[in-house]
Amino acid sequence: MSRRGWIGSIALVSALVCYPADWYPNSWRITIAHWLGPAGYRPLPPAVVISPDATATGAEAAEPACPPDPAAWREAKEIEGVAIRRSPNCVADDPFAVAAFVRGTNNVSLQTLLKSGLTPDAVVKGRDLDGDGDPDEIHIRLEVVELNGGSPEAQLPVTQFAIAPGITPGFWVFAPKTTGMATENFESNNARAILRLPSPAIRVEQGDRVQITLENAHYLPHTIHFHGVDHPFLDANGEGNDGVPITSENPVLPGRARTYEMQPRQPGTMFYHCHVQPHVHVMMGLQGMFIVEENRPDNWVQTLNIGAGHVRAPSVASRESFDREYDLHYLDIDLELNQLIQQHNDPRVINEWLHQRYNVTQATADMFTLNGRSFPYTFRESLIITRPDERIKLRIANGGMNPVALHTHGHKTTITHYDGVEAQPAARITRDVVWIATAQRLDLELETTNDGLHSYGSGVWLLHDHQGRGITNDGIGPGGNVSAIVYEEYLGEDGWPKTFGMKWNRFFDERYYRGAMSVFEDERFAPVESDGWRLLRLVGLFVALGVIAGIALSMLRQRLKTNR
């Protein structure tokens, strides 16, 4: 036999030996067992048990579910004459910023202004034009802030804003003008609380003369379009006022500013967003809710709601009809897009990749957020806290590319407004799944009367998108925009709900969302350790098959050469 024949024979025998027995058809395995006897018992490979440990450090640490509140931001306060409601959620907005947004940064003390971190001209409130006891001239100044961007000096993203444990996609957001550092302190890369996703909810009163100035300190051009908000196409100077570069104006270049003017005549829940390359910029986070409140006497509204969550200083109209009010802003994220800004630092390269190479028609939603966070962080900030027999107003905006099928456990809500337009009482629908299209806004009325229709009684009732992927973090659940309606009797002193299911510490371990931990606590379901012997046999099989294929190809070439 030739040398090539010997090698081929050895390779063939090696392939037969290495071929996994469980790959053979069942009838073959029975025959082989008759010839050679049954195979010896091989125990299953051991399980890899990874348990979260809140006492560990570094990569092995699970975060505490509810961080401490050393500055007592959660408590009810009166600041600058503004009654700021208690925020029962575990993480609350800065009450000094809330006071400055209500009174205007030009009308508060220096101490309050310093504690808020805002500039004196961030929200300027002027004259009372109709004599009803509240300001009717409002001037808001917004900047564009980058979160989780890349840096040539660090491996980790800078100005970090995690939407879930260990998950930090890049974002751009509109933010009020601030002073000082973008991070918590010199030793931290974490963004300050006032700089976050989503862009803040803007609140003005019906009939207010509103100016909004975009001071663009970002490295790319931007505009603001007021979606659904009553505004003229041209401003008083005859310049474009719609925020659309194609039809209205040139985009605001880096280092430039643009002021938009409006006097909204109709109340309702609206929307605002960048309209420069909107298929990219809107999905990067340059979007927020815009709310026009009904005109009432002495109506000092909370002009900005950072994080778009619990409204701690509700309007007069809201207090007349509702016990509480919440803003709920939904967004889905394509990680391919949002991670692009972390890979480059040259604005020219970022511009090319975002606007010329990224193909939105092939986008896939990977992350799903509520008020800028994904589960489990949604349970820190975005719970709907209530008591029995209350009426709660929920303002909802869907800023994502995909619709949301919002389902309320234990309750049915009534749709009172569509896109800022009130539905007639006979046309109002009460249901437990509400469909919200992209860019759509709905106002919902949540009643907690235990009548078997509006409420089934007290508890911790989930509130979530009923589409399967919407309740995952990049495919791993539970995650996404899962929140809950929580009755105060089921809420701990720290703002964390009293639940009766799985332990929470595994969800606050970033290894869980990397797929390194089992989704169940029981060790019987732990991941399986790799089978080294089986892996070695597979390597041998493919090497042998490669040798056989090489010999066959060589013989074919030799035959073709002979036939010539």
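## Things to note about the overall build of the protein
Inference 1: Scanning the protein from terminus to terminus reveals 10 helices and 26 strands.
Inference 2: Oriented by its inertia axes, the alpha-carbon framework of the protein measures out at about 110 × 60 × 55 Å.
Inference 3: Excluding contacts between residues fewer than 6 apart, the proportion of contacts in the protein whose partners are at least 24 apart in sequence is 71%.
Inference 4: For the protein, the accessible area works out to roughly 26,500 Å², and carbon and sulfur atoms hold 55% of it.

## Let's talk about the nonpolar core
Inference 1: In terms of nonpolar packing, the biggest core is built from 99 residues, with Ile212 and Phe290 touching the most fellow members.
Inference 2: The element contributing the most residues to this core is strand β4 (residues 137–147), with six residues.
Inference 3: What phenylalanine 290 contacts, discounting residues up to four positions off in sequence, is Ile202, Val204, Ile212, Phe226, Val229, Met262, Gly268, Thr269, Met270, Phe271 and Tyr272.
Inference 4: Grouped together as the second largest cluster of nonpolar side chains are eight residues, Val82, Val98, Val102 and Ala313 included.

## Some points on a nonpolar patch on the surface
Inference 1: A surface patch of nonpolar side chains, about 350 Å² in accessible area, is lined by Met502, Val519, Phe520 and Phe525.
Inference 2: By the element assignment, phenylalanine 525 lies in the loop between β26 (483–487) and α10 (532–563).

## Examining the packing of aromatic side chains
Inference 1: Taken as a whole and assessed by the stated rule, the structure comprises 18 aromatic pairs.
Inference 2: Judged by centre distance (5.8 Å) and plane angle (35°), the rings of phenylalanine 174 and tyrosine 272 are tilted. Of the two residues, phenylalanine 174 is situated in strand β7 (residues 171–176) and tyrosine 272 in strand β12 (residues 268–273); the sequence distance between them amounts to 98 residues. Across the pair, tyrosine 272 and phenylalanine 174 agree in class, each one buried.
Inference 3: An aromatic cluster of at least three residues, connected via ring pairs, comprises Phe375, Tyr377, Phe379, Trp496, Trp504, Phe507, Phe508, Tyr512 and Tyr513.
Inference 4: Positioned over the ring face of tyrosine 260 is arginine 258, at 4.9 Å from the centre of the ring.
Inference 5: Looking at arginine 357, its charged tip hangs above the ring of tryptophan 353, at a distance of 4.6 Å from the centre.

## Details of the pairing of strand β11 (residues 257–262)
Inference 1: Side chains Arg258, Tyr260 and Met262 of β11 all project onto a buried face; the interleaved residues Ala257, Thr259 and Glu261 project onto a face where none is buried.
Inference 2: As paired strands, strand β9 (residues 209–215) and β11 are joined by six bridges and run antiparallel to one another. Residue glutamine 211 lies in a different strand from β11, and its bridge partner there is glutamate 261.

## Considering the domain arrangement of the protein
Inference 1: Annotation of the protein at the domain level lists domain 1 (3–45 + 530–563) and domain 2 (78–314).
Inference 2: Using only C-alpha atoms to locate each centre, domain 1 and domain 2 end up separated by 66 Å.

## Describing the sheet that holds strand β10 (residues 225–227)
Inference 1: Strand order across the open sheet formed by five strands is β10-β12-β13-β8-β14, with mixed pairing between neighbours. One side of each edge strand has no neighbouring strand; the edge strands of this open sheet are β10 and β14 (304–305).
Inference 2: Pairing between β10 and β12: three bridges, direction antiparallel. Bridge pairing in β12 links histidine 227 to phenylalanine 271.

## Describing the side chain of serine 455
Inference 1: When you line up the elements, serine 455 lands in the loop between β24 (441–447) and β25 (460–465).
Inference 2: When its relative accessible area of 0% is taken as the criterion, serine 455 is described as buried.
Inference 3: Among the polar contacts listed, one links the side chain of serine 455 to the backbone nitrogen of glycine 457, at a separation of 3.0 Å.

## Things to note about empty space enclosed by the protein
Inference 1: In this structure the tally under the stated criterion is two cavities of 30 Å³ or more.
Inference 2: Residue lining of the largest cavity: 13 residues in total, with Asp332, Phe368, Pro403, Val404 and Asp465 positioned closest to the centre.
Inference 3: Elements represented by at least two residues in the lining of the largest cavity include exactly β15 (324–333) and β16 (367–370).
Inference 4: Of all the elements, β15 adds the most residues to the lining of the largest cavity, at three residues.

## Notes on the environment of isoleucine 350
Inference 1: Within the secondary structure, isoleucine 350 is located in helix α8 (residues 347–357).
Inference 2: Residue contacts for isoleucine 350: discarding those within four places in its chain leaves Tyr219, Ile341 and His344.

## Brief notes about unusual backbone geometry
Inference 1: The residue after leucine 197, namely proline 198, is reached through a cis peptide bond having omega -5°.
Inference 2: Take proline 198: it is sitting in the loop between β7 and β8 (201–205).
Inference 3: At the junction of phenylalanine 375 and proline 376, the peptide bond is cis and its omega measures out at 10° in the coordinates.
Inference 4: For proline 376, the position within the fold is in the loop between β16 and α9 (378–381).
Inference 5: A positive phi angle, near 55°, is found at alanine 72, a position not held by glycine.
Inference 6: Topologically, alanine 72 is positioned in the loop between α2 (26–36) and β1 (77–79).
Inference 7: Backbone geometry places aspartate 474, a non-glycine residue, at a positive phi of 50°.
Inference 8: Mapping aspartate 474 onto the fold places it in the loop between β25 and β26.
Inference 9: Taking relative accessible area as the criterion, aspartate 474 reaches 45% and is therefore assigned partly exposed.

## Regarding the environment of alanine 162
Inference 1: Relative to the assigned elements, alanine 162 resides in the loop between β6 (154–158) and β7.
Inference 2: Counting along the chain gives 73 residues from alanine 162 to aspartate 235, while the straight-line C-alpha distance between them is 39 Å.
Inference 3: Residue contacts for alanine 162: discarding those within four places in its chain leaves Ile167, Thr168, Arg373 and Tyr377.

Here is what the cut-offs are and how they apply
Residues numbered from 1 in each chain as written. Predicted model: local features only at pLDDT ≥ 70, side-chain atom pairs only at ≥ 80, totals over all residues. Heavy atoms only, no water. Helix = DSSP H or I, 4+ residues; strand = E, 2+ residues; numbered from the N terminus. Contact = heavy atoms within 4.5 Å. Areas by Shrake-Rupley, 256 points an atom, 1.4 Å probe, with all protein chains shown as cover. Core = buried A, V, L, I, M, F, W, Y, C linked by side-chain atoms within 4.5 Å. Buried < 20%, exposed > 50% of the residue type's maximum accessible area, 1.4 Å probe, protein only. Patch = residues over 30% accessible without salt bridge, like charges linked within 9 Å, V, L, I, M, F, W, Y side chains within 5 Å. Salt bridge = Lys/Arg side-chain N within 4 Å of Asp/Glu carboxyl O. Phe/Tyr/Trp six-rings, centres within 6.5 Å; stacked < 30°, edge-to-face > 60°. Lys NZ or Arg CZ within 6 Å of the ring centre and 35° of its normal. Pairing = 2+ DSSP bridges. Domains from an automatic or database assignment. Polar contact = N/O pair within 3.5 Å; in protein donor to acceptor, adjacent residues only side chain to side chain. 1 Å grid on protein atoms, 1.4 Å probe; cavity = no way out; pocket = protein on both sides within 12 Å on 5 of 7 lines; lining within 4 Å. Points joined across faces, edges and corners; volume = space filled by probe spheres on them.

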